[in-house]
Amino acid sequence: MSRYVGRFAPSPSAGLHAGSLVAALGSWLDARAHRGSWLVRIEDVDTRRSVPGADGLILRQLAQCGLYPDEPVWWQSRRGADYEQALLRLLQQGLAYPCSCSRRELELAGAVIGPGGERVYPGTCRDGPRGEPRAWRLRLPAGEAACVHWHCARLGTQVDAVDRSVGDFVLKRADGDWAYQLAVVVDDAAQGVSDVVRGEDLASSTARQILLQRALGLPTPNYLHLPLVRDEQGRKLSKSEGAAAVRPGAQALREAARALGLQATGDSVQQVLEQALAQWPRRRRQWSQGAHALPAR
Ligand code: GLU
């Protein structure tokens with residue numbers, strides 16, 4: 001069996017909030033339970049959303065929760081050369097192409113909104129850009145090959161026809177930033193990540209990432225998407241909605257454990273982590289048997 005390598009990959013737009021702490025804890029627990037290693041990668045490719053100092057804050061907060069990475073932290077902002085190389089490879093193979101369409105042009109062209117709320121790219125520039133290239137897109141494989149069947153250890157089998165949900169998606173954005181989909185796929189492979197454990201909000205990105213792995217000849221990791229933490233109105237907590245930062249420590253960890261369906265009552269960070277870890281294999285089994293009751297929303 002190949003070695004388990006897990007990771008937590010926060011975008012540094014703010015400090016940790018209740019939802020991101022759940023992803024941090026869940027990915028840490030899964031790595032520890034498999035006696036694997038746990039990495040932290042700062043996903044600061046989105047230069048407009050990244051907030052200076054948020055990376056250091058996140059790392060301090062993780063340490064205050066007893067969550068220490070096993071290897072030096074990676075920053076995506078330092079990884080541009082590898083992303084460039086991946087894009088170049090795709091371009092050379094005809095699997096990526098430049099695109100001159102602006103958002104407005106796509107609106108005017110009547111590009112439909114897919115089931116996930118994103119505009120489905122109609123393929124306007126597939127045979128060559130109509131003007132100055134702005135962005136670079138993946139050329140999806142034709143027909144059934146664009147329909148990805150994949151497995152999540154909690155959500156079960158998922159089917160996503162990417163040609164109908166988003167179409168040829170962006171690899172490098174018009175503002176020059178690398179797209180999350182490309183950066184995450186290149187880095188997960190470069191770091192030897194075997195298991196991706198993250199929030200359920202990212203399940204809708206997984207099929208795109210698998211198509212990109214296939215196009216680049218990279219392995220597909222195992223996936224586990226964790227329950228999302230919701231606010232009193234039932235909305236997902238996210239940094240962009242200004243969710244309150246957690247106060248790292250035993251209480252925040254107890255709450256994160258509860259969101260994962262674990263009972264941790266310990267007073268110290270160490271006790272909470274030990275209790276949660278002892279319960280994790282059973283929790284995971286329940287999820288994979290489909291016997292889980294989702295935590296109250
Ligand atoms: N950087 C992403 C986020 O903070 C997570 C990426 C991932 O885990 O794949 O939402």
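Structure report, in brief. (Residues numbered from 1 in each chain as written. Predicted model: local features only at pLDDT ≥ 70, side-chain atom pairs only at ≥ 80, totals over all residues. Heavy atoms only, no water.)

Quick look at the site of the ligand
(1) Moving on: Taken together, ten residues are adjacent to the ligand, and Arg7, Ala9, Ser11, Glu43 and Arg198 come closest.
(2) Moving on: Separating a nitrogen atom of the ligand from a side-chain N or O atom of Ser11 is a distance of 2.8 Å.
(3) Moving on: Between the ligand and Tyr180 there is a distance of 2.8 Å, counted from an oxygen atom to a side-chain nitrogen or oxygen.
(4) Moving on: Tallied by class, the residues present in the shell around the ligand amount to five nonpolar, one polar and four charged. (Near = heavy atom within 4 Å. Polar contact = N/O pair within 3.5 Å; in protein donor to acceptor, adjacent residues only side chain to side chain. Nonpolar A, V, L, I, M, F, W, Y, C, P; charged D, E, K, R; others polar.)

What about the packing of helix H3 (residues 80-92) against helix H6 (residues 180-190)?
(1) Moving on: One way to put it is that H3 packs onto H6 with a least axis distance of 10 Å and a crossing angle of 100°. Comparing the axis directions of H3 and H6 gives the class roughly perpendicular. Contacts from Asp82, Tyr83 and Ala86 of H3 reach H6 at Leu182, Ala183, Val186 and Asp187.
(2) Moving on: For the contact of H3 with H6, the class distribution of residues is five nonpolar, no polar and two charged. (Axes fitted to C-alpha atoms, helices over the stretch in contact; angles between N-to-C directions. Helix = DSSP H or I, 4+ residues; strand = E, 2+ residues; numbered from the N terminus. Parallel < 35°, antiparallel > 145°, perpendicular 65-115°, else oblique. Contact = heavy atoms within 4.5 Å.)

Here we look at the sheet that holds strand S4 (residues 96-99)
(1) Moving on: Strands sit in the order S4-S5-S8 across an open sheet of three strands; the sheet is antiparallel. In the strand order of this sheet, the two ends are held by S4 and strand S8 (170-172), each with one partner. Across the sheet, the mean angle from the axis of one strand to that of its neighbour is 40°, orientation sign disregarded.
(2) Moving on: In this structure, strand S5 (residues 135-138) lies alongside S8, joined through two bridges in antiparallel fashion. Within S8, the position partnered with Arg137 by the bridge is Val170. (Pairing = 2+ DSSP bridges.)

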